[in-house]
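These are the residues of each chain, in order.
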Amino acid sequence: MSLSTVEERVRDAIGVRLFTVLAWVPERKALRRVHSSHPAEYPVGGEKTVEVAAGWLEKCITAQQPYLGPDRAAVREIFADHDLIEGLGCGSIINVPVIADGRTLGVLNILDAEGAYDDDAVVVAESLAPLAVSALLDLEKENR
């Protein structure tokens, strides 16, 4: 399934203003953007290393747990690019790890207006994350 189709499924299920997919590059401890609903602001190929708090990396990448930032304060606490996020009308975020065979392949980043997401939305987002596995595995093979 393409990442564009994953985006459509997320949009239909819980709504989204900004949707990106980041592939985990473990040897560099970096996240590389491989899909973006807003390529002008968040271009494919961009990388994040120290732009997010270390606790976020531990939670989403190492512990393979989703992150819910229900309001602008939570977004500001974790993401250095919070001004750009807010400029796109986003103040709520769900980050869901994409996992295959116990290994973190990447993260779905799902953003909408402040207060748009809650724990129920996280459960739905988690159920959609496996849809991105094949696309992330294909990209991993291409980049070897």
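As a reminder, the structure under discussion sits directly above these lines.
Residues numbered from 1 in each chain as written. Predicted model: local features only at pLDDT ≥ 70, side-chain atom pairs only at ≥ 80, totals over all residues. Heavy atoms only, no water.

Caption draft 1: Geometry of empty space enclosed by the protein. What the rule picks out here adds up to one cavity of 30 Å³ or more. Taken as a whole, the largest cavity spans an internal volume of roughly 130 Å³. Thr20, Lys48, Asp81, Asn109 and Leu111 are, among the 15 residues lining the largest cavity, the residues nearest its centre. Per-element tally for the lining of the largest cavity: the top contributor is strand S1 (residues 18-25), with three residues. Broken down by class, the residue content of the lining of the largest cavity amounts to nine nonpolar, three polar and three charged. (1 Å grid on protein atoms, 1.4 Å probe; cavity = no way out; pocket = protein on both sides within 12 Å on 5 of 7 lines; lining within 4 Å. Points joined across faces, edges and corners; volume = space filled by probe spheres on them. Helix = DSSP H or I, 4+ residues; strand = E, 2+ residues; numbered from the N terminus. Nonpolar A, V, L, I, M, F, W, Y, C, P; charged D, E, K, R; others polar.)

Caption draft 2: Up close: the pairing of strand S2 (residues 30-36). Taken across its seven residues, S2 has seven buried, putting it largely inside the fold. As paired elements, S1 and S2 share six bridges and run antiparallel to each other. If you follow Leu22 over to S2, its bridge partner there is Arg33. Where S1 hands over to S2, the hairpin turn is made up of four residues, of which Lys29 adopts a positive phi near 50°. (Buried < 20%, exposed > 50% of the residue type's maximum accessible area, 1.4 Å probe, protein only. Pairing = 2+ DSSP bridges.)

Caption draft 3: Structural view of the pattern of salt bridges. Per the stated rule, a full pass over the model turns up seven salt bridges. Between Glu47 and Arg28 there is a salt bridge, with its nearest N and O atoms 2.2 Å apart. Note that Glu47 is positioned in strand S3 (residues 47-48) and Arg28 in the loop between S1 and S2, a separation of 19 residues in sequence. For Arg28, a relative accessible area of 46% puts it in the partly exposed group. Glu114 is paired through a salt bridge with Arg72; the nearest N and O atoms lie 3.6 Å apart. Of the two residues, Glu114 sits in the loop between strand S6 (103-112) and helix H5 (119-128) while Arg72 sits in helix H3 (residues 72-78), which places them 42 residues apart along the sequence. With a relative accessible area of 43%, Glu114 lands in the partly exposed category. Overlapping salt bridges, with partners in common, bring together Arg76, Asp83 and Glu86 in one network. (Salt bridge = Lys/Arg side-chain N within 4 Å of Asp/Glu carboxyl O.)

Caption draft 4: Local environment of the sheet that holds strand S5 (residues 92-100). Pairing is antiparallel in the open sheet, where six strands are placed in the order S3-S2-S1-S6-S5-S4. Edge positions in the sheet fall to S3 and strand S4 (67-69), since each of these pairs with one other strand and no more. For S5 and S6, the ladder comprises nine bridges, and the chain directions are antiparallel. Each residue of the ladder has a partner; that of Pro97, found in S6, is Val107. Helix H1 (residues 3-14) rests against S1, S2, S5 and S6 of the sheet, and its axis sits at about 130° to S1. Sitting on the sheet, helix H6 (residues 133-142) touches S1, S2, S5 and S6, and the angle it makes with S6 is about 120°. (Contact = heavy atoms within 4.5 Å. Axes fitted to C-alpha atoms, helices over the stretch in contact; angles between N-to-C directions.)

Caption draft 5: Spatial organisation of the layout of surface pockets. Here the largest pocket is characterised by a volume of approximately 240 Å³. Lining the largest pocket are 14 residues, with Trp24, Val25, Glu27, Glu140 and Asn143 positioned closest to its centre. Across the lining of the largest pocket, the residue classes tally to seven nonpolar, one polar and six charged.

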